Amino acid sequence: MNDRKIRVLIAKPGLDGHDRGAKIIAQALRDAGMEVIYTGLRQTPEMIAEAALQEDVDVVGLSILSGAHMALVPRIIELIRKNGQEEVKVFVGGIIPEEDIPPLKEAGVYAVYGPGTSTEVVVRDIQEAVLGEKV
Amino acid sequence: MDLVERALAGERLAIARLLTQVENNTSFGQEALQRLYPRTGNAHIVGLTGAPGTGKSSLANQLAKAIRSRQDAPKVAIVAVDPSSPFTGGALLGDRVRMRDLAGDSGVFVRSMASRGALGGVARATSAIVQVLDALGFGMILVETVGTGQSEVEVARLAHTVIVVDAPGLGDDVQAIKAGILEIADILVVNKADLPGVENTLRALNLMLEMFPQTREQNGWKPPLLRASAVNGEGIVEIIDAIFRHGEYLKTHSLWTTRERSRVLTEILERVQEILLEHWKHQVGETRLNQVVERVLQRELSPAEAVKYLLD
């Protein structure tokens, strides 16, 4: 019997201390039947990449409200890819200015979510991205 | 090289992926486990259990850090189990929040596991995951159970050494003398010793230990009662000493193999039970089974009579 579950790492890189959004997303993904690994505040890119590796996740969700996304996100993706996790999808949520979204996607971000995004959208996108089908 | 060979060579991504295969019980995972099994038997498996919020994760973090700082330190793996929702099957695995000190040490591997419906405090695949880590050369494996109540004692069958973690303010002295979780303790730790009330908790547990000497095995090992504070590192060295002392004790009293033997026997029996039950269900057929359930519901048969009837 095969009991595969979608595994997601929810992480907060950088120095801002607001993890309400990250926790809400973590809960919504849990309620959608996923196994969510939550790592808490103030994680370095190295810590996040290492957790993603050890936990063999399908998805990494990054919550950033500090404005440091252009420095942190590409670095995290680089480390994840360097570890050999080519297929891991990276999502970013938080306060991201419109003009930063194209370069983030270029750096390998699968999707960016701003404030007020419905959790249903995030759940559906992740299921699509991992299972490779419209749900 | 395939995944098993790469994992044996120490490649961390291969280890992670192998653990997933084994956790998901895929056919590759089953085959890998068979290949690795001859290499198991070298790790000291330590269970960490106790009520939610007693500080098991923080303690695991401190223990792993302190063990790694010793000379000739073994590689340390932590398997941290958190509960799955019985309704959605989802889980929030939050033990890593307390384990940030371990990042960057390639001699440490932390893996979170959801309980996936198992009720004994660990997941059904936890034993298999531990076997893989053992085979891959992790000399000490800390298994942190879900926050347990009073009867989730499954970890006692998995581990050589069981640490039961308590904290001040969680209940009166009657809680301490109930049967169950305290009886599986090889080491008792009162964590959060920086909080008020710690003396009361220590006193209650001490009394319990004096009243029920050696309930787990008649082997002369007296579970030490230790105080610790995972936030400031108090008592960590003493716990590690107790772990090693207990390991030595098991070996010198040939209890190490006794525990392994009982674990293997249970595992075999459980698997046989699972297979026989499936086989039997298939033989009886769903229709007939449902008919009998219906007759029990109508009070024509008692459940015991129904079993007898079905087995005849």
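For the structure, see preceding data.
Below or above, wherever it landed, is the structure these notes cover. Per chain, residue numbering runs from 1 following the sequence as it is written. Just so you know, chain letters begin at A and ligand numbers begin at 1, following the order they were written in. Where totals are concerned, whole chains, interfaces and linings use all residues; where local detail is concerned, this predicted model gives features only for residues with pLDDT of at least 70, and gives and counts side-chain atom pairs only at 80 or more. Side-chain measures were taken over the full set of non-hydrogen atoms in the model, leaving aside hydrogen atoms and water.

1. Here we look at a nonpolar patch on the surface
A contiguous nonpolar surface patch, about 270 Å² in accessible area, is contributed by B:I268, B:V272 and B:L276. Numbering of helices and strands starts at the N terminus; helices are DSSP runs of H or I of at least 4 residues and strands are runs of E of at least 2. Looking at where B:V272 falls in the secondary structure, it is placed in helix α10 (residues 255-284). Each patch is built from residues lacking any salt bridge and having more than 30% relative accessible area; the joining distance is 9 Å for like charges and 5 Å for nonpolar side chains (Val, Leu, Ile, Met, Phe, Trp, Tyr). Per-residue and other accessible areas follow the Shrake-Rupley method at a 1.4 Å probe size, with only the shown protein chains counted as cover for residues. We count a salt bridge whenever a side-chain nitrogen from Lys or Arg sits within 4 Å of a carboxyl oxygen from Asp or Glu.

2. Observations concerning the layout of surface pockets
A probe as big as a water molecule, rolled over the atoms, marks out the empty space that is left. Residues and elements named next belong to chain B. Size it by volume and the largest pocket reaches roughly 1400 Å³. Lining the largest pocket are 39 residues; nearest its centre among them are R124, A125, E270, R271 and E274. Contributions of two or more residues to the lining of the largest pocket are made by α2 (12-23), α3 (27-36), β4 (108-114), α5 (126-135), α6 (155-158) and α10. When residues of the lining of the largest pocket are assigned to their parent elements, the largest contribution, ten residues, is made by α10. Among the residues forming the lining of the largest pocket, the class breakdown is 15 nonpolar, eleven polar and 13 charged. Site definitions follow a grid-based scheme: protein atoms alone, a 1 Å grid, a 1.4 Å probe that fits but cannot get out for cavities, and for pockets an open set with protein on both sides within 12 Å along at least five of seven lines, plus lining residues having an atom within 4 Å of a point. Grid points are joined across faces, edges and corners, and a volume is the space filled by probe spheres set on the points. Approximately 540 Å³ is the volume attributed to the second largest pocket. All amino acids are sorted into three groups, where Ala, Val, Leu, Ile, Met, Phe, Trp, Tyr, Cys and Pro are nonpolar, Asp, Glu, Lys and Arg are charged, and the leftover types, Gly among them, are polar.

3. Some words on the sheet that holds strand β3 (residues 91-93) of chain B
Whenever strands of a sheet pair, they do so through backbone hydrogen bonds, lying parallel or antiparallel. In this description, strands pair whenever DSSP reports at least two bridges between them. Strand order across the open sheet formed by six strands is β5(A)-β4(A)-β3(A)-β1(A)-β2(A)-β3(B), with parallel pairing between neighbours. Looking at which strands have only one partner, the edges of the open sheet turn out to be β5 (109-113) of chain A together with β3 of chain B. The mean angle between the axes of side-by-side strands here comes to 20°, regardless of whether they run parallel or antiparallel. Pairing of strand β3 (residues 59-64) of chain A with strand β4 (residues 89-94) of chain A, which is carried by six bridges, proceeds in the parallel orientation. Angles shown run from 0 to 180 degrees and are taken between the N-to-C directions of axes, each axis being a line fitted to C-alpha atoms and, for helices, limited to the stretch in contact.

4. Observations concerning the interface of chain B and chain A
Between two residues, a contact is recorded if the distance between any of their heavy atoms is within 4.5 Å. With 30 residues of chain B at the contact, the number on the chain A side is 32 residues. Roughly 2500 Å² is buried in total at the junction of chain B and chain A, and carbon and sulfur atoms are behind 46% of that figure. Looking only at chain B, the three residues that lose the most surface to chain A are B:L92, B:R96 and B:R100, adding up to 23% of its buried area. A salt bridge links B:R12 to A:E50; the nearest nitrogen and oxygen atoms lie 3.6 Å apart. A 3.5 Å cut-off defines polar contacts: any pair of N or O atoms within that distance qualifies, except that in protein one atom must be a possible hydrogen donor and the other a possible acceptor, and neighbouring residues in sequence count only when both atoms are side-chain atoms. On the surface where chain B and chain A come into contact, there are 19 residue pairs in polar contact (both at pLDDT 80 or more). Sorting the residues of the side of chain B that touches chain A by element identifies α2, β3 and β4 of chain B as the ones contributing at least two each. Of the residues assigned to the side of chain B that touches chain A, the class counts are twelve nonpolar, ten polar and eight charged. We define buried area as the total accessible area lost by two parts upon association, computed with a 1.4 Å probe and summed across both.

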